[in-house]
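# Working through the structure, step by step
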Amino acid sequence: MNTSIEVLPKLLATDIIKFEPSDVEAMMDHHDLSENSKKIIRAENLAPLSLLSRLHNSYPQHSLFRRRSAPIFSKGKNKYSGLSGFRKICEILKQHGIVLSDIKERELFVEVYAFLATKHILNTIDWNNYQKDPVFQLVFPQPNMINKEVVKKYSRIGDDSERMKMVVAYREQTNPHDGKQILNRPSFYSEEGEFEAVDGGQHKYPQVFLLFDKTTQGCYAYCTYCFRHAQVRGDEDMFIQNDVNQVHEYLRNHKEVTDILITGGDAGYMPYSRLNEYLGPIMEDPDLMHIRNIRIASRALTYEPSVVLNSKYDDVLKLFNKLIDHGIQVIWMAHFSTPKEFLNISTLAAIRRLRANHINIRSQSPMMNHISLFMDDYGKVDIDKSSKNWIDLGHILMMLGINFHSIYCARPTGEHDYFTAPLADMDKIFGKIYRNLPSLGRPSRYITMTSSAGKTSLMGTVEVNGRKAFALKFNEARNMKWMDRVFLAEYCEEENTIEKLEPFDGGEYFFKEDLAQIERDLKEKYDKSEKLT
């Protein structure tokens, strides 16, 4: 039978590496975990030896469980932020014989966007081979991210104030609010008849309300491909919610909302007291009975798992369990891009602690060049290597009881061209991922890209009258009726953005006129809300 699927190499009994309690202690020391975290891991059985063995022996190429070399950053600061933090890291690396190239170019990226890295994520990087480590690409600015002409202009400016003027001007060219996100800000008439804008909300799709609270504006570390760089950078037009009661009032008037997605920044930053302000009334108020799910959008499991491995987090876990007992599910929306992000003692233990408290974890992340998509020696997309990253990731998700929610394309913001690849190649990668994972372990939707119209899935290719075409379908849309139709786009070997694909056989996409009217109406509401500020 021709299965055309990847299989793990056969292991002999003599090849199996077994773990002892002393190995767990060594791993906790290696990652410089606090005594509080160590106590929780031991008491709650968050690192069972059998699981460590199974994960490590299945995926030794990704595992950090046996790493024994002294970590470079364990005794240093917990976080390194901004230009000063980046320079401090470079200084520490230099003391260990590691000298990063193209410093001026990397510093330009830091000034345009941001930089933040935790001790934890720095110590998961293989500094003996850092140039090829996907996590290094995930958090460190790289040469060729920004156009060379822009880099040259920046390098020629000696005056700090003039250089910052150039940086600010360049930010405007990076499409900071792609997909016309600013139009997603909701507004409503209060009980007193006053027109109000929910400044820290987005409500683009009927069932889901996005909450950008004042406490979730930061991140634990910054992804180099960040799609919300305007938000984490603190631009004046960012989304930020101060008034808890206003959110409740809005939700009482929108019974179609079933899910609150707490995001930012990072929802992991919201303290218990603030969470309880938002979520307590949802359990008690009859007018909020329509809320079914609370989604926590966080990369803490990758960047700062010690947040969960702390007795200070106990109250949050109790609140989550109380919600679950009221029929309101808590879903932790994680973002894992590479298998190695899981296979360290801290992340594994944090995942198991959330799961032990009945929290459903789902992983969604973009397919990004240099991080989770790879080129061959000839500059072409390496389909096999790229799909293997995701297949391994999918199997590890299953082993840890995490749902594989989705894979999506790079959004056209920031340094989009550095991270993206042709849709035709991404479709081939996704196809291989899909057929190599069992049905329960596959992404819940086809590879997707966001635009103002909605989330469009690339279903694959079809042949029509001897011509190849992409088959597309909305899985979320500004008008939900658009989701009922499959539509075709001209096949293109080079295009990397779905909304730039041409309609098959010319003409316009069926939703274009409707979308234009919706956007005009939303712009009118947005302009009205702006007059309130």
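Everything quoted here is computed from the prediction, not taken from an experiment.

## Quick look at the packing of aromatic side chains
Applying the stated criterion across every chain, the model contains 36 aromatic pairs. Arranged with centres 5.7 Å apart and planes meeting at 70 degrees, the rings of Phe188 and Tyr250 form a pair that is edge-to-face. With Phe188 in strand S3 (residues 187-189) and Tyr250 in helix H11 (residues 244-252), this residue pair connects regions lying 62 residues apart in the sequence. Like Phe188, the residue Tyr250 is buried in the burial classification. Measuring from centroid to centroid gives 5.5 Å for Phe487 and Phe510, while their planes differ by 70 degrees, and the two rings are edge-to-face. Taken as a pair, Phe487 in strand S15 (residues 486-490) and Phe510 in the loop between S15 and helix H19 (512-530) lie far apart in primary sequence, 23 residues in all. Phe487 sits in the buried class, given a relative accessible area of 8%. The partly exposed category is assigned to Phe510, whose relative accessible area is 27%. Every member of this aromatic cluster is reached through a ring pair, and the members are Phe73, Tyr80, Phe86, Phe115, Trp127, Tyr130, Phe136 and Phe140.

## Examining the side chain of Glu249
Secondary-structure assignment places Glu249 in helix H11. Although Glu249 is buried, it makes no salt bridge; Arg252 carries the closest opposite charge, 5.9 Å away.

## Remarks on the pairing of strand S11 (residues 403-408)
For S11, the tally of buried residues reaches 5 of 6 residues, placing the bulk of the element in the interior. Across 5 bridges, the pairing between strand S10 (residues 360-366) and S11 is parallel. Across the sheet, the residue bridging to Ser363 is Phe404, located in S11. Handedness of the S10-helix H16 (residues 383-399)-S11 crossover: right-handed.

## A word on unusual backbone geometry
For residues other than glycine, phi is negative in most cases, and the peptide bonds are mostly trans. For the peptide bond that leads from Gly264 to Gly265, omega is 25 degrees, which places it in the cis range. Phi is positive for Asp32, which is not a glycine, with a value near 55 degrees. Mapped onto the elements of the fold, Asp32 is located in the loop between helix H1 (21-30) and helix H2 (35-43). If you check the backbone angles, Asn175 has positive phi at about 50 degrees while not being a glycine.

Conventions adopted
- Residues numbered from 1 in each chain as written.
- Predicted model: local features only at pLDDT ≥ 70, side-chain atom pairs only at ≥ 80, totals over all residues.
- Heavy atoms only, no water.
- Phe/Tyr/Trp six-rings, centres within 6.5 Å; stacked < 30°, edge-to-face > 60°.
- Helix = DSSP H or I, 4+ residues; strand = E, 2+ residues; numbered from the N terminus.
- Buried < 20%, exposed > 50% of the residue type's maximum accessible area, 1.4 Å probe, protein only.
- Lys, Arg positive; Asp, Glu negative; His and termini not counted.
- Salt bridge = Lys/Arg side-chain N within 4 Å of Asp/Glu carboxyl O.
- Pairing = 2+ DSSP bridges.
- Right-handed = clockwise from strand over helix to strand, strands pointing away.

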